[in-house]
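# Examination of the molecular architecture
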Amino acid sequence: MTLSTPSSDSTLQSTGRARSTRRRGDGLYAYAALACGLTWALAFPTALAWRHHAAPSPAAIASEGLSAFGPLLAVLAVAGPRHRLRAVFGRWRTNPMWLALALVAAPAVHTAARALDVALFGEHLGGWFAPPVTSEQLAALVVFPLGEEFGWRGFAYPRIVERLGVVRGALLLGVVWGLWHLVYGITPEAGAFDALEFGAGMIELPLYSVLIAWVFERSNRSMGVALAFHAGAHLDHIERAPGTDLRLHALHLVVLAAVALVAARSLALGSAAKRAW
């Protein structure tokens, strides 16, 4: 048995206070609030027009396009004054294997869900690949990864993982990431808030956040890997399947949850090994 001494207790308390002060000043809460606030404000005019079954004005459409950069603008505003931009934008070097794996990860999950659909029910009503075909979808392939990932993975991820650990931190980051999409829940097709689509996203994004964390950690937190993973999700967007194809969407969540569980287990074991070392 090891007995603590007054001096050691005092040292531990001082260390704990220093960590608490550092975490309060790391800008995580400010970033999350600003990222969501900027995106919601910029996308609101278009969402309001769709809510009233009207065509958005050109200014509203331009504003919605800028809304994808809410996380990037937020990280510039929060990390800039703290002189942390180099840490956010400076990590790129990694093995090209991780870039390739990140790019195909989401399409592989989607393909597995389609294959499971065939295996269980003997048919698959949609296609096997849903690449971007419209100008908006092609723009999203570039705009959303650039607009989001420097904020979510570059800035928020290291801070939330330091507080909660890699698995719980990735899951909570995914929840905030999902809430960031709130304003996009109003779609022109529905002309209203699509609660089913938003709810599915609130399940899906925390799970994808764990998958991204797995490859992100193994690539030495390369921003290239984070961008590639996000772009891969837009290369084959299973959400483009008809909304009435609930079976495929449910199977997608089942496959995603299974893969995320394996990734979470691997992350937890890796984290425990680092602490032991």
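Residues numbered from 1 in each chain as written. Predicted model: local features only at pLDDT ≥ 70, side-chain atom pairs only at ≥ 80, totals over all residues. Heavy atoms only, no water.

## Let's talk about the overall build of the protein chain
Regarding its fold elements, the protein chain presents eleven helices and two strands. When the helices and strands of the protein chain are placed in sequence order, the string is α-α-α-α-α-α-α-α-β-β-α-α-α. Expressed as a percentage of its 277 residues, the buried residues of the protein chain come to 40%. Considering only intrachain contacts with a sequence separation of at least 6, the fraction spanning at least 24 residues in the protein chain is 79%. Surface accessibility of the protein chain: about 14500 Å² in total, with carbon and sulfur atoms responsible for 69%. (Helix = DSSP H or I, 4+ residues; strand = E, 2+ residues; numbered from the N terminus. Buried < 20%, exposed > 50% of the residue type's maximum accessible area, 1.4 Å probe, protein only. Contact = heavy atoms within 4.5 Å. Areas by Shrake-Rupley, 256 points an atom, 1.4 Å probe, with all protein chains shown as cover.)

## Quick word on helix α9 (residues 195-218)
For α9, spanning 24 residues, the distance from its first C-alpha to its last is 35 Å, which sits close to the expected 34 Å at 1.5 Å a residue. At the exit of α9 stands N220, carrying a positive phi of roughly 65°. (Expected span 1.5 Å × (residues − 1).)

## Considerations on unusual backbone geometry
The phi dihedral of H53 is positive, around 55°, even though this residue is not glycine. Mapped onto the elements, H53 comes out in the loop between α2 (28-51) and α3 (58-67). Here H53 falls in the exposed class, since its relative accessible area comes to 64%. The backbone of R221 shows a phi angle near 55°, a positive value even though the residue is not glycine. Topologically, R221 is positioned in the loop between α9 and α10 (223-235).

## Considerations on the side chain of T187
With respect to the helices, strands and loops of the structure, T187 is situated in strand β1 (residues 186-187). Setting aside its immediate chain neighbours within four residues, T187 contacts W50, A192 and E197.

## Regarding the pattern of salt bridges
What the rule picks out here adds up to five salt bridges. Across the salt bridge formed by E149 and R153, the nearest N and O atoms sit 2.7 Å from each other. You can see E149 and its partner R153 sitting in helix α7 (residues 135-164), four residues apart, about one turn around the helix. The shortest N-O distance in the salt bridge between R221 and E217 comes to 3.0 Å. (Salt bridge = Lys/Arg side-chain N within 4 Å of Asp/Glu carboxyl O.)

## Topic: the environment of A47
Mapped onto the elements of the fold, A47 is located in helix α2. Owing to a relative accessible area of 4%, A47 belongs among the buried residues under this scheme. Other than its neighbours up to four places away in sequence, A47 contacts V183 and I186.

## Comments concerning the nonpolar core
If you look at the biggest cluster of nonpolar residues, it comprises 58 residues, and the most contacted ones within it are Y31, Y157, L211 and F229. At the level of secondary structure, the elements contributing two or more residues to this core comprise α2, α4 (70-79), α6 (96-121), α7, α8 (166-180), α9, α10 and α11 (246-276). The greatest single-element share of this core, amounting to nine residues, is contributed by α9. Residue contacts for Y31: discarding those within four places in its chain leaves P71, A74, V75, V78, G151, W152, F155 and A156. (Core = buried A, V, L, I, M, F, W, Y, C linked by side-chain atoms within 4.5 Å.)

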